[in-house]
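Each chain, written out:
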Amino acid sequence: MRVFVTGASGHIASAVVPELIEAGHEVVGLARSDVSAAAVKALGAEVRRGDLDDLDGLREAAAESDAVVHLAFDHDAIPAGKFADAVAADLAVVRTFGDALAGTGKTLIGVGFTHTGDPRRDAAIDANPRSAVGRAINDLTERGVRTVLVAIPPVTHSTRDRAGFIPILIRIARDTGVSGYVGDGTNRWPAGHTLDVGRLYRLALEKAPAGSQLYAAAEEGITVREIAETIGRHLNVPAVSIPAEQAADHFTGFPFITLDITMPNADTRRLLGWEPVHPGLIADLDDGHYFAND
């Protein structure tokens with residue numbers, strides 16, 4: 001297949017693009033700068049210059065492809081207080097892809113969740129403004145697009161992770177002298193190794209039925225307290241509970257510290273034959289690469 005990938009120079013794509021190419025697919029990666037273009041080329045993909053604001057260019061790229069893997073998102077907007085603006089821009093991109101692919105049966109793989117029927121989990125999904133994008137992608141199934149939603153774990157870890165949840169918590173722990181969690185720290189974050197996530201995307205492209213919801217977490221949920229304690233041990237700082245009323249100040253720019261969600265993966269494993277083989281989160285932290293700058 002000819003696959004157009006947005007966010008092609010990013011963390012997740014660093015595993016997805018080589019996985020697709022190794023399987024024999026032709027990959028075209030979107031790049032908005034010379035640096036991004038060089039990174040995409042180094043992965044072995046063809047470079048298409050442009051950005052997410054160029055909707056005409058995105059429409060053309062999608063129409064020329066057999067599948068679109070949409071990984072790009074303006075994550076920098078979150079700490080800047082412009083999360084809603086980033087979601088609105090992402091919705092415009094998804095609708096553009098939908099218009100280009102409608103009625104073709106071609107594939108659009110996006111990031112997101114559908115409702116599960118579990119009120120607690122669905123409330124957590126709806127609390128994330130990006131849930132609107134997931135719904136928009138899922139709705140395209142009725143317009144003749146083979147849509148697949150991949151729920152990427154909030155902790156996607158590996159030596160390639162430079163700006164995710166774990167590097168942020170480590171930075172905050174270094175800056176404050178404590179490795180914090182909120183309350184009793186029993187809220188859970190799903191986790192998956194970058195390379196396992198990359199393989200799931202390849203299997204999704206090749207095997208997932210239209211309208212599929214896939215969960216890319218190898219570990220359904222790890223308590224934030226365990227994560228904080230592991231970070232504290234490596235940094236030689238105490239792991240402490242931060243009162244809820246102080247959390248916004250302590251975890252400045254990181255509104256996800258109280259996120260509590262799990263990602264059961266049994267159905268995804270059965271559907272795709274996906275078996276994660278890389279280290280789990282705590283083992284990856286204990287490997288030490290996250291703390292190599294100490």
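In case you missed it, the structure is sitting above this.
All values derive from a computational prediction rather than experimental measurement. (Residues numbered from 1 in each chain as written. Predicted model: local features only at pLDDT ≥ 70, side-chain atom pairs only at ≥ 80, totals over all residues. Heavy atoms only, no water.)

S.K.: Describe the sheet that holds strand 6 (residues 146-151), with residues and values.
M.R.: Judged by pairing direction, the sheet is parallel, and its seven strands sit side by side in the order 3-2-1-4-5-6-10 without closing on themselves. At either end of the open sheet lies a strand with only one pairing partner, and these are strand 3 (46-49) and strand 10 (212-215). Averaged over neighbouring strand pairs, the angle between their axes works out to 20° when direction is ignored. Here strand 1 (residues 2-6) runs beside strand 2 (residues 26-31); their pairing, made up of four bridges, is parallel. Residue pairing across strands places R2 opposite E26, the latter belonging to strand 2. Against the sheet, helix 2 (residues 34-42) engages strand 2 and strand 3, with an angle of about 160° to strand 3. (Pairing = 2+ DSSP bridges. Helix = DSSP H or I, 4+ residues; strand = E, 2+ residues; numbered from the N terminus. Axes fitted to C-alpha atoms, helices over the stretch in contact; angles between N-to-C directions. Contact = heavy atoms within 4.5 Å.)

S.K.: Report on the sheet that holds strand 9 (residues 188-193), specifying residues and quantitative values.
M.R.: Taken in spatial order, the three strands make up an open sheet running 7-9-11, and their pairing is mixed. The open sheet has two edge strands with one neighbour each: strand 7 (155-157) and strand 11 (219-223). Ignoring which end each strand starts from, the neighbouring axes of this sheet average 40° apart. Summarising the sheet, strand 9 and strand 11 pair through three bridges and their orientation is antiparallel. Residue pairing in the sheet places A191 in a bridge with E219 of strand 11. Along the sheet, helix 9 (residues 224-235) makes contact with strand 9 and strand 11, crossing strand 11 at roughly 65°.

S.K.: Which residues make up the packing of aromatic side chains, and what are the values?
M.R.: Counting across every chain of the model gives seven aromatic pairs. Here F165 and W189 contribute two aromatic rings whose centre-to-centre distance is 4.9 Å and whose plane-to-plane angle is 70°, an arrangement assigned as edge-to-face. Note that F165 is positioned in helix 7 (residues 165-176) and W189 in strand 9, a separation of 24 residues in sequence. Per residue, the accessibility class of F165 equals that of W189, and both read buried. Ring geometry for W189 versus F254: centroids 6.1 Å apart, planes at 80°, classification edge-to-face. Pair noted here: W189 is in strand 9 and F254 is in the loop between helix 10 (247-250) and helix 11 (266-272), with a separation of 65 residues, a long-range link. With a relative accessible area of 0%, W189 lands in the buried category. (Phe/Tyr/Trp six-rings, centres within 6.5 Å; stacked < 30°, edge-to-face > 60°. Buried < 20%, exposed > 50% of the residue type's maximum accessible area, 1.4 Å probe, protein only.)

S.K.: Tell me about the pattern of salt bridges, and please be specific about residues and values.
M.R.: Oppositely charged side chains are able to pair whenever their charged atoms sit close together. With the rule as written, the count across this model stands at 14 salt bridges. With a closest N to O distance of 2.9 Å, R59 and D56 form a salt bridge. On the criterion of helical spacing, the pair formed by R59 and D56 is a turn pair, its members being three residues apart in helix 3 (residues 55-63). In this structure R59 comes out as partly exposed when scored by relative accessible area, which is 31%. Residues R202 and E206 are paired through a salt bridge, measuring 3.0 Å at the closest nitrogen-oxygen approach. Here the residue R202 and the residue E206 both occupy positions in helix 8 (residues 194-207), the gap between them amounting to four residues, near one helical turn. Accessibility expressed as a relative area gives 17% for R202, which makes it buried. (Salt bridge = Lys/Arg side-chain N within 4 Å of Asp/Glu carboxyl O.)

S.K.: Tell me about the nonpolar core, and name the residues and values.
M.R.: Counting residues in hydrophobic clusters, the biggest one holds 53 residues, and the most contacted among them are W189, F251 and F254. It is helix 4 (residues 83-101) that provides the largest number of residues to this core, a total of nine residues. V69, L71, V111 and L205 belong to the second-largest nonpolar core, a separate cluster that totals 32 residues. (Core = buried A, V, L, I, M, F, W, Y, C linked by side-chain atoms within 4.5 Å.)

S.K.: Outline the pairing of strand 4 (residues 67-70), listing residues and values.
M.R.: Two faces make up the sheet, and in a regular strand the side chains alternate between them. A two-sided burial pattern is seen for strand 4, the buried positions comprising A67 and V69 on one face and V68 and H70 on the other. Two elements, strand 4 and strand 5 (residues 107-111), share three bridges in a ladder whose sense is parallel. Across the sheet, residue V69 finds its bridge partner in strand 5, namely I109.

S.K.: Mind laying out the packing of helix 3 against helix 4, listing which residues take part and the relevant values?
M.R.: Direction vectors running N to C along helix 3 and helix 4 enclose 40°, while the axes themselves pass 9 Å from each other. In terms of orientation, helix 3 lies oblique with respect to helix 4. Two packed elements cross with a definite hand, and for helix 3 against helix 4 that hand is right-handed. Between helix 3, through L55, L58, R59, A62 and A63, and helix 4, the contact on the second element is made entirely by A92, V93, T96, F97, A100 and L101. When grouped by side-chain class, the residues that make up the contact of helix 3 with helix 4 number nine nonpolar, one polar and one charged. (Parallel < 35°, antiparallel > 145°, perpendicular 65-115°, else oblique. Left-handed = near helix turned anticlockwise from the far one by under 90°. Nonpolar A, V, L, I, M, F, W, Y, C, P; charged D, E, K, R; others polar.)

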